[in-house]
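For reference, the chains in residue letters:
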There are 4 protein chains.
Amino acid sequence: MTKHILLMDGPDGPGLIHHVTGVLFRHGLNIIRNDEYVSPDGQFFMRTEFEAGPQQAGIALDSHDPQQILDELRQTLPAGVSLRLNPKQKKNVVVFVTKEHHCLGELLIRYGFDELGADILAVVSNYATLQPLVSKFGIPFHHIAHEGKTREEHEAAVLRTLAIYQPDYLVLAKYMRVLTPDFVAHYNNRIVNIHHSFLPAFVGASPYRQAYERGVKIIGATAHFVNNNLDEGPIIAQDTQEVDHRHTATDMATMGRDVEKIVLSQALKLVFNDRVFIHQNRTIIL
Amino acid sequence: MTKHILLMDGPDGPGLIHHVTGVLFRHGLNIIRNDEYVSPDGQFFMRTEFEAGPQQAGIALDSHDPQQILDELRQTLPAGVSLRLNPKQKKNVVVFVTKEHHCLGELLIRYGFDELGADILAVVSNYATLQPLVSKFGIPFHHIAHEGKTREEHEAAVLRTLAIYQPDYLVLAKYMRVLTPDFVAHYNNRIVNIHHSFLPAFVGASPYRQAYERGVKIIGATAHFVNNNLDEGPIIAQDTQEVDHRHTATDMATMGRDVEKIVLSQALKLVFNDRVFIHQNRTIIL
Amino acid sequence: MTKHILLMDGPDGPGLIHHVTGVLFRHGLNIIRNDEYVSPDGQFFMRTEFEAGPQQAGIALDSHDPQQILDELRQTLPAGVSLRLNPKQKKNVVVFVTKEHHCLGELLIRYGFDELGADILAVVSNYATLQPLVSKFGIPFHHIAHEGKTREEHEAAVLRTLAIYQPDYLVLAKYMRVLTPDFVAHYNNRIVNIHHSFLPAFVGASPYRQAYERGVKIIGATAHFVNNNLDEGPIIAQDTQEVDHRHTATDMATMGRDVEKIVLSQALKLVFNDRVFIHQNRTIIL
Amino acid sequence: MTKHILLMDGPDGPGLIHHVTGVLFRHGLNIIRNDEYVSPDGQFFMRTEFEAGPQQAGIALDSHDPQQILDELRQTLPAGVSLRLNPKQKKNVVVFVTKEHHCLGELLIRYGFDELGADILAVVSNYATLQPLVSKFGIPFHHIAHEGKTREEHEAAVLRTLAIYQPDYLVLAKYMRVLTPDFVAHYNNRIVNIHHSFLPAFVGASPYRQAYERGVKIIGATAHFVNNNLDEGPIIAQDTQEVDHRHTATDMATMGRDVEKIVLSQALKLVFNDRVFIHQNRTIIL
């Protein structure tokens, strides 16, 4: 039995769950999992997994015509409710890196065994350092150096490369360049970054150096969507790791890498499985 | 607006969510939060929080007659579905202790500030050690010594005391006595115990001694319902704490106490808020 | 056998460990535990636990004359090395609170069973809210209202009260008043505060509100020494707790309380056991 | 300046630290870090990092003749104390796998960037599944099938392959075969295994299935040395991960893989840096 996913968000109102489940019920579709959330400011979010019920085990949803189901849902729901049925299952992504390999290596291994939930179409970097690693996995590597270019020129070159691949998401896997609002606008809510600190502590550069100097006893990493304000986009996942006075900034960076790569992978899994909604600079994960 | 809670479990089937939400919708009731779960073996669990909708802000649920709502739900749902509407909000509990104070102290402080979600009617102990602490909070303390009594005689004496209070739940807050199946049967799924290990590691006595000897790098605590097999009832909450080779069994016990009392409190909060279902010796927490 | 503690810090140099252990060896004293640390900028820290060796089991250190041992250590060590032998074992503290009970309750229970490593001489508060709780434990409660007083007048009143008790440490157990540099100077490196966030994230007021708005997935608490810059003193202990989008700022505050009280207790245990050195606004914990 | 490492263990006795530091002091060697531990049953362990002191910055330790330093240490220390000076810095290892790639991928990426602290000489597997991954990194892959062979025949074939490489350590990176005592005896305290549970919970096969059925709220992984009793060797590192009722045994296995690979890497880092002593089936990590 094929699993189907319905994503829905809009202003809260009476009977939303009832109306949606009614359409599915009348089509003999069986809800496997249903999660919803209403924000304090009255926005409704729902993610529903369903399949053809046991009595129609042989009937695929397709025979029910998804477009018809969507139409019925739209008729039964108030205007202003956004609906997505069966978003693209495997996303296409381009990964951005600079020189550090740990997050990229993690993504490549997962991709190599089809565990990423996405296809890595290409890797873009402002340095050639990681080309040998990428080559092992037979993925195109685009070295687009930033030296001798203005920020705008560099981003224009990157955008030309992205135009080839038309990716669904960009993954900044330790890409040490700040993106301009113009660039970000091309991939609104579709750029995921891993920041090497427990945001909002230690925004900006050298967070492990900052962490060492502040004498914290715990370090962390944060995966978040990128918006126009550096390090301030909606947070998807975070994790932490204990440190003590013996750890230098370099030690913290080494330890932090393990946290970074796992947090980035976990965040991507949520995003690629269509479990993440964004509202008021916060993520709702259903 | 009063919040209402509906708890439901039974065999999964088509349209369950739709039917329940339909009854609430027709009564103009607004779902604040709805969580459901279907187990792999086909059991459906749902917990629904709702209140009178904004358009009926002045109308309490009472005016809708809860009994009528329950009746409608029963008519619309298949036989075999268990329904509970608005379970008793503040539970009555009797706490059992032996000599250790940390869990009891935690519960008393929370109770003293009305943060426990329950009323502590009495404390029962096989030793008098903790009487002074309990007295500070003006709660009856029953010292029922086990010495010179058979297990059956001792439990009979305890049961006579419990008969005075008719508690909803028993909380074993480091009660170092094994209960007989007969005793447990009186409070089926209503006894919560804190076990000083990360179950199922180190069942039985002296878990920290066992942990030390095994050389583990993490210790933990487990809050669980008590059933007939010691330390094998459904687990409600667990947490862990890192240790190293320097920690003796005594150090581990000291560190473990902080974990134990927090885990027990968290488990009780879930139980007292009617968020815990039991199925096949596992808890479902909605 | 009595355990003795030697604390030492100063500029690093050749043979420091050798010289200290030599004095102890010649007195037949046995090192139970020795921890040292050299900071990247060349400061040496050492904490040594020792006792009379098995061959002198009957001989207390006192018979060796601690002053003589200290004198020998001073002769053998370079000038500029600070030495403390057997710091006062049980510290005297005054606890400061405002209206929240969770940290205070924790400290009182631990003190009541002599597990705090300190004597609570008194509790000071700018509100009377917690007087009933403190009274249960037979500890003086000083309600020093801040209303109608300037900050200086209020602190002067507090200092007059402290003059009665001459405490070794002040513990700010959710004391919601900012202290002036003048006040802090009276208890330099002897004031421990619990801050309800994972510092340096969310300094200042309403950290859980800030955490909610930023949409973090982890909250935390920080115990630190107080210096002149609010929330910027040396960090002693931190811990964290996962949250998700469902948690309101109020939920986070409730969950955070459990973290706060445990972190504060752990920090105090380290401080009262003389395991904490301060250097360059960072703590070294041996 | 070269860093030197001295490892020492033996029966505790008076003046051990003093004697060792004396030899180093007389040679003008500077202690960078010194950690020691005395077990409750009286065994002394010490790990000392040192280098030529600032006054002899130009003089390598070699010019002091390490053999002479070792001789002096032996003369000054009681018989029965084991000493190792400057153990081999980069270990040679052979990695064993079956079909799962996550731990192997982690080790290969780290090795590829020289972050493992060891050279992977070869990978041995009872299946061919992971050959393509290993080939990407240019490392010999030995497929030694177990089918059609007795356990003894299979292990004999493996030992013949190992004879080629003479590895310092074997790393069982999800090798799903039980080793015989005979085999283990060839690599006593030199085989590191990752077990997919929080030992000692869920020894044996299918730990995630067991964890699911027991309804635990936390899963974990354990890296340990292998001895003759399956899953009972000295534990090096452990970590845990929260789960809930929604996670199937398969989900737990997926989540557990992230924990397994990080725990294995952390354990190997400790082992390869000569920070792990073994005593009474427990590890002491200095």
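Note that the coordinates shown come from a computational prediction; the quantities given were computed from them, not determined experimentally.

Colleague: Let's hear about the pattern of salt bridges: which residues, and what values?
Modeller: As enumerated under the stated definition, the model contains 52 salt bridges over all chains in all. Across the pair Arg110 of chain A and Asp258 of chain D runs a salt bridge whose closest N-O atoms are separated by 2.6 Å. Taken together, the residues Arg110 of chain A in helix α3 (residues 102-112) and Asp258 of chain D in helix α8 (residues 249-272) connect one chain to another. Judged by its relative accessible area of 12%, Asp258 of chain D is buried. In this structure, the salt-bridge partner of Glu100 of chain B is Lys174 of chain B, at a minimum N-O distance of 3.8 Å. Here Glu100 of chain B, found in the loop between β5 (91-97) and α3 (102-112), pairs with Lys174 of chain B, found in the loop between β8 (169-172) and α6 (181-186); they are 74 residues apart in sequence, far enough to count as distant. A relative accessible area of 25% means that Glu100 of chain B is categorised as partly exposed. For Lys174 of chain B, a relative accessible area of 1% gives the class buried.

Colleague: Go over the interface of chain D and chain B with me, naming the residues and quoting the values.
Modeller: Listed by partner, the interface residues are 33 residues for chain D and 33 residues for chain B. With both sides pooled, the region where chain D packs onto chain B buries about 2,900 Å², and carbon together with sulfur makes up 55% of that total. Per-residue buried area on chain D facing chain B is highest for Arg214, His245 and Arg282 of chain D; these three make up 26% of the total on that side. Taken together, the links from chain D to chain B amount to zero salt bridges. Every element with two or more residues in the side of chain D that touches chain B is listed here: β2 (29-38), α7 (207-214), β11 (235-242) and β13 (282-285) of chain D. No other element matches the six residues that β11 of chain D contributes to the side of chain D that touches chain B. Split by residue class, the side of chain D that touches chain B holds 16 nonpolar, eight polar and nine charged.

Colleague: Any details on unusual backbone geometry? Residues and values, ideally.
Modeller: Across the junction of Leu199 of chain A and Pro200 of chain A, the peptide omega takes the value 10°, indicating a cis bond. Turning to its location among the elements, Pro200 of chain A is positioned in the loop between β9 (191-195) and α7 (207-214). Unusually for a residue other than glycine, Gln280 of chain D sits at a positive phi of about 55°. Structurally, Gln280 of chain D is set in the loop between β12 (276-279) and β13. With relative accessibility at 55%, the residue Gln280 of chain D sits in the exposed group.

Colleague: For the interface of chain C and chain A, give the residues involved together with the corresponding values.
Modeller: The interface of chain C with chain A comprises 33 residues on the first partner and 33 residues on the second. Area buried by chain C at its contact with chain A is led by Arg214, His245 and Arg282 of chain C, which between them contribute 26% of it. The tally of links between chain C and chain A comes to zero salt bridges. At the boundary of chain C with chain A, the tally comes to 19 residue pairs in polar contact (both at pLDDT 80 or more). It is strand β11 (residues 235-242) of chain C that contributes the most residues to the side of chain C that touches chain A, six residues altogether. Partitioning the side of chain C that touches chain A into residue classes produces 16 nonpolar, eight polar and nine charged.

Colleague: Lay out the sheet that holds strand β8 (residues 169-172) of chain D with the relevant residues and their values.
Modeller: Residues and elements named next belong to chain D. The strand order across the open sheet formed by seven strands is β7-β6-β5-β8-β9-β10-β11, and the pairing between neighbours is mixed. Each edge of the sheet is formed by a strand with only one pairing partner; in this case those strands are β7 (141-143) and β11. The average undirected angle you get between the axes of adjacent strands in this sheet is 20°.

Colleague: So what's going on with the confidence of the model for chain A? Which residues, and what values?
Modeller: In the predicted model, chain A carries a mean pLDDT of 93, and the fraction of residues at 70 or more is 95%. ipTM for the predicted complex: 0.92, alongside a pTM of 0.95.

Colleague: Tell me what's going on with the pairing of strand β5 (residues 91-97) of chain D, and back it up with residues and numbers.
Modeller: Residues and elements named next belong to chain D. Most of β5 sits inside the fold, with seven of its seven residues counted as buried. Neither face of β5 is exposed, since Lys91, Val93, Val95 and Val97 on one face and Asn92, Val94 and Phe96 on the opposite face are all buried. Bridge count for β5 against strand β6 (residues 118-125) is seven bridges, and the pairing is parallel. In the sheet register, Lys91 faces β6, and the bridge partner there is Ala118. Handedness of the crossover joining β5 and β6 through helix α3 (residues 102-112) is recorded here as right-handed.

Colleague: Let's hear about the relation of the copies chain D and chain B: which residues, and what values?
Modeller: By a simple turn and slide, chain D fits onto chain B: the slide is 0.0 Å along the axis, the RMSD is 0.0 Å, and the turn is 180°. In the structure described here, the two chain copies are related by an operation that fits a two-fold rotation axis. In terms of C-alpha distance to the rotation axis, chain D has Ala201 of chain D as its closest residue, with the C-alpha 2.2 Å off the axis. Of the interface residues in chain D, 100% have counterparts in chain B that sit at the interface too, so the contact is made through matching surfaces.

Colleague: Tell me about the relation of the copies chain C and chain A, and name the residues and values.
Modeller: By a simple turn and slide, chain C fits onto chain A: the slide is 0.0 Å along the axis, the RMSD is 0.0 Å, and the turn is 180°. Comparing interface residues between copies, 100% of those in chain C also sit at the interface in chain A, which points to an isologous, same-surface contact.

Criteria and thresholds
- Residues numbered from 1 in each chain as written.
- Chains lettered and ligands numbered in written order.
- Predicted model: local features only at pLDDT ≥ 70, side-chain atom pairs only at ≥ 80, totals over all residues.
- Heavy atoms only, no water.
- Salt bridge = Lys/Arg side-chain N within 4 Å of Asp/Glu carboxyl O.
- Helix = DSSP H or I, 4+ residues; strand = E, 2+ residues; numbered from the N terminus.
- Buried < 20%, exposed > 50% of the residue type's maximum accessible area, 1.4 Å probe, protein only.
- Contact = heavy atoms within 4.5 Å.
- Buried area = accessible area lost by both parts, 1.4 Å probe.
- Nonpolar A, V, L, I, M, F, W, Y, C, P; charged D, E, K, R; others polar.
- Polar contact = N/O pair within 3.5 Å; in protein donor to acceptor, adjacent residues only side chain to side chain.
- Pairing = 2+ DSSP bridges.
- Axes fitted to C-alpha atoms, helices over the stretch in contact; angles between N-to-C directions.
- pLDDT = per-residue confidence, 0-100.
- Right-handed = clockwise from strand over helix to strand, strands pointing away.
- Least-squares fit on C-alpha atoms with pLDDT ≥ 70 in both.

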